[in-house]
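# Structural overview
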Amino acid sequence: MGNVPTKESRSRASSVGAHHSNTHTRSSRRHTTLSILENAGFMVYLSGSNSSGSHKLLSEERLKTKQAHLLALIVRYDENVDGGFLAPHGIYKLNLDYNTEIVRGLIVDRRIAPFFTPLQDFDSSWTDDEVATIASQLPLHAIDQAYLEEEEPDDADNHKIHLLANYFRRQEQKKRVRELVASMKEVQKQHEEEFMTARKESKADENVPDRELLLKLYREASECPICFLYFPPYLNVSRCCGQPICSECFVQIKRLDPHPPHDDMSNENKAELPHTLILEPANCPFCAMPNFGVTYDSPTDLSVGIGGVQSPANYKAPAAAAAEDAVLSSEEASGTPVLRSLSPQKAKPKQRRSSVPADAVGVVTTDFIRPDWEQKLASAKSKLARRAATASAIHASNLIVDDGSGTSAGNGSRGQNNDTQNLRYLQLIEDRMIEEAMRLSLADEEERRKKLHL
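As the structure is a computational prediction, the values presented were derived from the model and not from experiment.

## A look at the overall build of the protein
Looking only at helices and strands, the protein has 11 helices and 8 strands in total. Relative to its 454 residues, the protein shows a buried fraction of 34%. A sequence separation of at least 24 residues applies to 73% of the contacts in the protein between residues at least 6 apart. Carbon and sulfur atoms make up 52% of the accessible area of the protein, which totals about 27,000 Å².

Structure (structure tokens):
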């Protein structure tokens, strides 16, 4: 029959051709999978084909948010409440992530203690002159401590030969953040110089505290049991065990980062499941009760600065105010017209309170000043789910390629049928993993767009 192949050779040729066709198809699917996953992995930064522009826009928005946050942490001497300030002194480093707008509002409303300038040491035997002299020399901010540069963790990409564009973007972002922090340090120094100049002027600035106010604040200074520094006795009190705590230590306490449950070992793989991530409430640093919160009783005989009845430079103690009222009353009785100034309310004796529920009126919890903890947990779950879906899809794709090595060649039609079923099953897994990765990435992109429009 000439060159017409026999039935056996035709069958063998058909099998070889089918094998090469399937291998090419699987290889093509694998490359397509990797391409899709690569795009899905960066979906949070991309918007259509304009990836560079969108990423640059997102970086600029993050820098603006960071700048606004750092500006709110600048201590300004004209932003004072009852002898304290709206921004922390700088006992800890400047890596605070609490909501500055919420905390500033709480201080103005007298719901938590202001950020008082601390004393490094205190002795009850000091005279009034010694107390006033030491307090009058306190700086606004511990610049060297708060702006101390931290050692950055080693970037794993530093040891790679081929660096991706994302690596250089991260380095540029870190550089700009460092420059921003350095500029904020200079801003704080300027406010410090303005405060020192206002102290030296012959006519005192109304926001510079006078001697009477300094004595009122620091004559009976009390120690914060966490930072061991001395503050005016008007501190926050833990809602559970009634322990005092300064506002600077309070804003440091927060929930841990999202993590898998560490006390349930019933399932070894449970830690890899996104839905098992938890974000437990912060515990009291004194008695370890969950859902830490504080209360604050603002002094009724001290009301100066923002929302107060007196300015820091014109503070008068209750005894002096009472004497002035007596003089004014006698002048009014004699018929002399006088202008009566406002005087602070009488002090009320403090009473020791028992444990207060976290949702009680007047309690400020750590979650209240960091209301984004739920979003942080959801973001961590989404990130872990996306990472797991990506890894599973790549793994399934690799299995499909490896399964095409001809393992069923010696098993006849039964082996081919088994291989076909396995391929279909693995392809189904791969498709589902790709869909899940794309769904999570699109959900993240939609969430990011909503934030941009808020």
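## Thoughts on the pattern of salt bridges
Scanning the entire structure with this criterion turns up 10 salt bridges. Notably, a salt bridge pairs Asp128 with Arg219, separated by 3.5 Å at the nearest N-O pair. Of the two residues, Asp128 sits in helix H4 (residues 128-136) while Arg219 sits in the loop between helix H7 (211-218) and strand E3 (222-223), which places them 91 residues apart along the sequence. On the basis of relative accessible area, Arg219 is assigned to the partly exposed category, the value being 38%. Between Arg255 and Asp367 there is a salt bridge, with its nearest N and O atoms 2.7 Å apart. Here Asp367 lies in the loop between strand E8 (364-365) and helix H10 (373-402) and Arg255 lies in the loop between helix H8 (247-250) and strand E7 (293-295), a separation of 112 residues in the sequence. For the pair shown, Arg255 and Asp367 are each scored as buried. Each of Asp97, Lys254 and Arg370 takes part in a single network of salt bridges with overlapping partners.

## Considering the nonpolar core
Residues Tyr98, Val103, Cys227, Phe231, Phe250 and Ile369 are the most contacted members of the largest nonpolar core, which totals 57 residues. Elements with a minimum of two residues in this core: helix H3 (100-108), H4, helix H5 (143-146), helix H6 (165-200), H7, strand E4 (230-231) and H8. It is H7 that provides the largest number of residues to this core, a total of 5 residues. The residues contacting Phe231, other than those within four sequence positions of it, are Ile91, Phe116, Pro118, Ala221, Ser222, Cys224 and Cys246. Listed in part, the 8 residues of the second largest apolar core include Phe85, Ala87, Ala198 and Val208.

## Quick word on the packing of aromatic side chains
A complete count under the given rule lists 4 aromatic pairs for this structure. Note on Phe122 and Trp126: the rings are 5.5 Å apart at their centroids and 75 degrees apart in plane angle, and the pair reads as edge-to-face. Considering the side-chain rings of Phe250 and Phe292, the 6.0 Å spacing of their centres and the 55 degrees angle between planes classify their relative orientation as tilted. With Phe250 in helix H8 and Phe292 in the loop between H8 and E7, this residue pair connects regions lying 42 residues apart in the sequence. Phe292 carries the same exposure label as Phe250, and that label is buried. Among the aromatic residues, those joined into a ring-pair cluster are Phe122, Trp126 and Tyr230.

## Describing the environment of Tyr147
Here Tyr147 is to be found in the loop between H5 and H6. Separated by 57 residues in the primary sequence, Tyr147 and Gly90 place their C-alpha atoms 8.3 Å from one another. Non-local contacts of Tyr147, meaning those with residues more than four positions away in its chain, are made with Ile74, Leu94, His141, Val181, Met184, Lys185 and Gln188.

## Details of the sheet that holds E8
Ordered in space as E6-E5-E7-E8, the 4 strands form an open sheet in which the pairing is antiparallel. Edge positions in the sheet fall to strand E6 (244-245) and E8, since each has one partner strand and no second. Where strand E5 (residues 236-238) lies against E7, 2 bridges are found, and the strand directions are antiparallel. Its bridge partner being in E7, Val237 is matched across the sheet by Thr295.

## Overview of the environment of Phe231
With respect to the element layout, Phe231 can be found in strand E4. By relative accessible area, Phe231 is classed as buried at 2%. Between the C-alpha atoms of Phe231 and Gly84, which are 147 residues apart in sequence, the distance is 10.0 Å.

## A short note on H3
Taken together, the buried positions of H3 are occupied by Thr100, Val103, Arg104, Leu106 and Ile107. An end-on view of H3 places all buried positions within 160 degrees of arc, on one side of the element. The opening residue of H3, the one whose side-chain oxygen lies 3.1 Å from the backbone nitrogen of Glu101, is Asn99. With its phi angle positive at about 60 degrees, Arg110 sits one or two positions after the end of H3.

## Some thoughts on the packing of H4 against H7
Contact pair H4 / H7: the axes reach a minimum separation of 9 Å and the direction vectors enclose 100 degrees. Our classification of the angle between H4 and H7 gives roughly perpendicular. Along its contact with H4, which presents Asp128, Asp129, Val131, Ala132, Ala135 and Ser136, the element H7 presents Arg211, Leu214, Leu215 and Tyr218. In the contact of H4 with H7, the residues fall into 6 nonpolar, 1 polar and 3 charged.

## Considerations on the confidence of the model for the protein
Taken as a whole, the protein shows an average pLDDT of 75; of its residues, 61% reach a score of 70 or greater. Segment residues 1-51 is flagged for pLDDT under 50; beyond a separation of four residues in sequence, or across chains, it makes 49 contacts in the model. Between residues 267-271, whose pLDDT stays under 50, and residues either more than four places distant or in other chains, the model counts 4 contacts.

## Some details on unusual backbone geometry
Of note in the backbone geometry, Arg110 takes a positive phi value of approximately 60 degrees without being a glycine. As for its position among the elements, Arg110 is in the loop between H3 and H4. One non-glycine residue, Ala288, adopts positive backbone phi at about 65 degrees. Relative to the assigned elements, Ala288 resides in the loop between H8 and E7.

Parameters at a glance
- Residues numbered from 1 in each chain as written.
- Predicted model: local features only at pLDDT ≥ 70, side-chain atom pairs only at ≥ 80, totals over all residues.
- Heavy atoms only, no water.
- Helix = DSSP H or I, 4+ residues; strand = E, 2+ residues; numbered from the N terminus.
- Buried < 20%, exposed > 50% of the residue type's maximum accessible area, 1.4 Å probe, protein only.
- Contact = heavy atoms within 4.5 Å.
- Areas by Shrake-Rupley, 256 points an atom, 1.4 Å probe, with all protein chains shown as cover.
- Salt bridge = Lys/Arg side-chain N within 4 Å of Asp/Glu carboxyl O.
- Core = buried A, V, L, I, M, F, W, Y, C linked by side-chain atoms within 4.5 Å.
- Phe/Tyr/Trp six-rings, centres within 6.5 Å; stacked < 30°, edge-to-face > 60°.
- Pairing = 2+ DSSP bridges.
- Arc of directions from axis to C-beta.
- Polar contact = N/O pair within 3.5 Å; in protein donor to acceptor, adjacent residues only side chain to side chain.
- Axes fitted to C-alpha atoms, helices over the stretch in contact; angles between N-to-C directions.
- Parallel < 35°, antiparallel > 145°, perpendicular 65-115°, else oblique.
- Nonpolar A, V, L, I, M, F, W, Y, C, P; charged D, E, K, R; others polar.
- pLDDT = per-residue confidence, 0-100.

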